[in-house]
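Next come the chains, spelled out residue by residue.
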Amino acid sequence: MPGDTAYHDALGDRFAAHAETSPYNAFTDRPAMLALAGDVAGARVLDVGCGAGHYAAELLARGAEVTGVDGSAALLRHARARVGGRAALRLHDLEEPLDFAEDAAFDGAVCALVYHHVTRRARLLAELRRVLRPGGWLLVSTSHPAADWRHFGGSYYSEDWVELPLGGGPHAIRLRRMPLETFLGELLDAGFVLERLVEPRPVAALREVDPAAYDKLTRFPAFLAVRLRRP
Ligand SMILES: C[S@@+](CC[C@H](N)C(=O)[O-])C[C@H]1O[C@@H](n2cnc3c(N)ncnc32)[C@H](O)[C@@H]1O
């Protein structure tokens, strides 16, 4: 059975605080992914692994209709506090089918920094393809393979489960390390069409808040983000 990679209890609370202001999440991943999303006004969007609801809040502010799912009850509490009743939020293990959703129920799906936690990735992608309408879009961000290589060493081509400390605290998160060709290959094999790939740099505002992090993230890639189309 796949291991449980949802961020439970204290790890959930720690991630909720981290995601709010972290140079990585707030200033690098989220702005890049929201730029890839473009105009979402009126779109039905599935937030896959919605965490503390930071994406849901941004998507709602841009006029989307949001459904968010996550496997952590702790993080869903944070998400509910953030967006109230404005988004449909549900506890769901992404190793299982998205049986709460009809075929073609969504115009778009955001899968931010969760793909690398999932074991049954081919099944999740098949499910995302099912619940997206033809022509719908899928955004996926993940840990940059070069960052994982730099951090964990060994072979760039390693495909294994590794533990990454979260923001210098006592908690570690478990993720699947994989080279670029595996990450992209899995998405293409699932039948999605690549529209754009970006290696996000931090937004300029980070320079004032945390110059050292800004300098680091403009030189060392932390994430990859792709926009795909469901044919
Ligand atoms: C790095 S956080 C990203 C959260 C959010 N997308 C964001 O960017 O702020 C990863 C999220 O994936 C969730 N997650 C990991 N494995 C999961 C699983 N098998 N089922 C559901 N959620 C899972 C965690 O609970 C956590 O909320």
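Residues numbered from 1 in each chain as written. Predicted model: local features only at pLDDT ≥ 70, side-chain atom pairs only at ≥ 80, totals over all residues. Heavy atoms only, no water.

On to the overall build of the protein chain. Counting secondary structure elements, the protein chain contains 9 helices and 9 strands. Relative to the globule expectation of 17 Å for 231 residues, the C-alpha radius of gyration of the protein chain, 16 Å, shows essentially globular dimensions. Principal-axis analysis of the C-alpha atoms places the extent of the protein chain at approximately 45 × 35 × 35 Å. Within the protein chain, the fraction of its 231 residues that count as buried is 52%. Charged side chains of the protein chain number 27 positive and 30 negative; the gap between the two group centres comes to 3 Å. (Helix = DSSP H or I, 4+ residues; strand = E, 2+ residues; numbered from the N terminus. Rg over C-alpha atoms; globule rule 2.2 N^0.38 Å. Buried < 20%, exposed > 50% of the residue type's maximum accessible area, 1.4 Å probe, protein only. Lys, Arg positive; Asp, Glu negative; His and termini not counted. Charge placed at Lys NZ, Arg CZ, Asp CG, Glu CD.)

Looking now at the sheet that holds strand 2 (residues 65-70). Taken in spatial order, the 7 strands line up as 3-2-1-4-5-9-8 in an open sheet, and their pairing is mixed. On the outer flanks of this sheet lie strand 3 (88-91) and strand 8 (193-198), each paired with one strand and no other. When the angles between neighbouring strand axes are averaged without regard to direction, this sheet yields 15 degrees. Those strands touched by helix 4 (residues 73-83) are strand 2 and strand 3, and its axis lies near 170 degrees from that of strand 3. (Pairing = 2+ DSSP bridges. Axes fitted to C-alpha atoms, helices over the stretch in contact; angles between N-to-C directions. Contact = heavy atoms within 4.5 Å.)

Here the focus is the UniProt feature "domain: Methyltransferase type" (unreviewed entry) in the protein chain. Per the UniProt record, "domain: Methyltransferase type" (unreviewed entry) is found at residues 46-140. Taken end to end, residues 46-140 comprises 32% helix and 31% strand; its first and last C-alpha atoms sit 12 Å apart. (UniProt positions renumbered as here; feature names shortened; annotations may be inferred.)

Turning next to the nonpolar core. Grouped together as the largest cluster of nonpolar side chains are 29 residues, with contacts concentrated most on L46, L128, L138, V140 and L187. Breaking this core down by element, the ones donating at least two residues are strand 1 (44-48), strand 4 (106-112), helix 5 (121-131), strand 5 (132-143), helix 7 (180-189) and strand 9 (223-229). With 4 residues, the single largest contributor to this core is helix 5. Excluding residues within four positions of it along the chain, L46 makes contact with T67, V69, L98, F100, F106, G108, A109, V110, L128 and V131. Core analysis: the second largest hydrophobic core is formed by 24 residues, L36, L59, L76 and L139 among them. (Core = buried A, V, L, I, M, F, W, Y, C linked by side-chain atoms within 4.5 Å.)

Turning to the site of the ligand, a few remarks are in order. Looking at the ligand, there are 19 residues lining it, with T5, Y7, G49, D70 and L94 nearest. Note that a nitrogen atom of the ligand is positioned 2.8 Å from one of the backbone N or O atoms of L94. If the ligand stood free it would expose 590 Å²; the protein chains cover 98% of that surface. Across the shell around the ligand, the residue classes break down as 10 nonpolar, 7 polar and 2 charged. (Near = heavy atom within 4 Å. Polar contact = N/O pair within 3.5 Å; in protein donor to acceptor, adjacent residues only side chain to side chain. Areas by Shrake-Rupley, 256 points an atom, 1.4 Å probe, with all protein chains shown as cover. Nonpolar A, V, L, I, M, F, W, Y, C, P; charged D, E, K, R; others polar.)

Taken together, the buried positions of helix 7 are T182, F183, L184 and L187. Buried-residue contacts for helix 7 involve helix 5, strand 5, strand 8 and strand 9. Just beyond helix 7, the residue with positive phi is G191, at close to 100 degrees.

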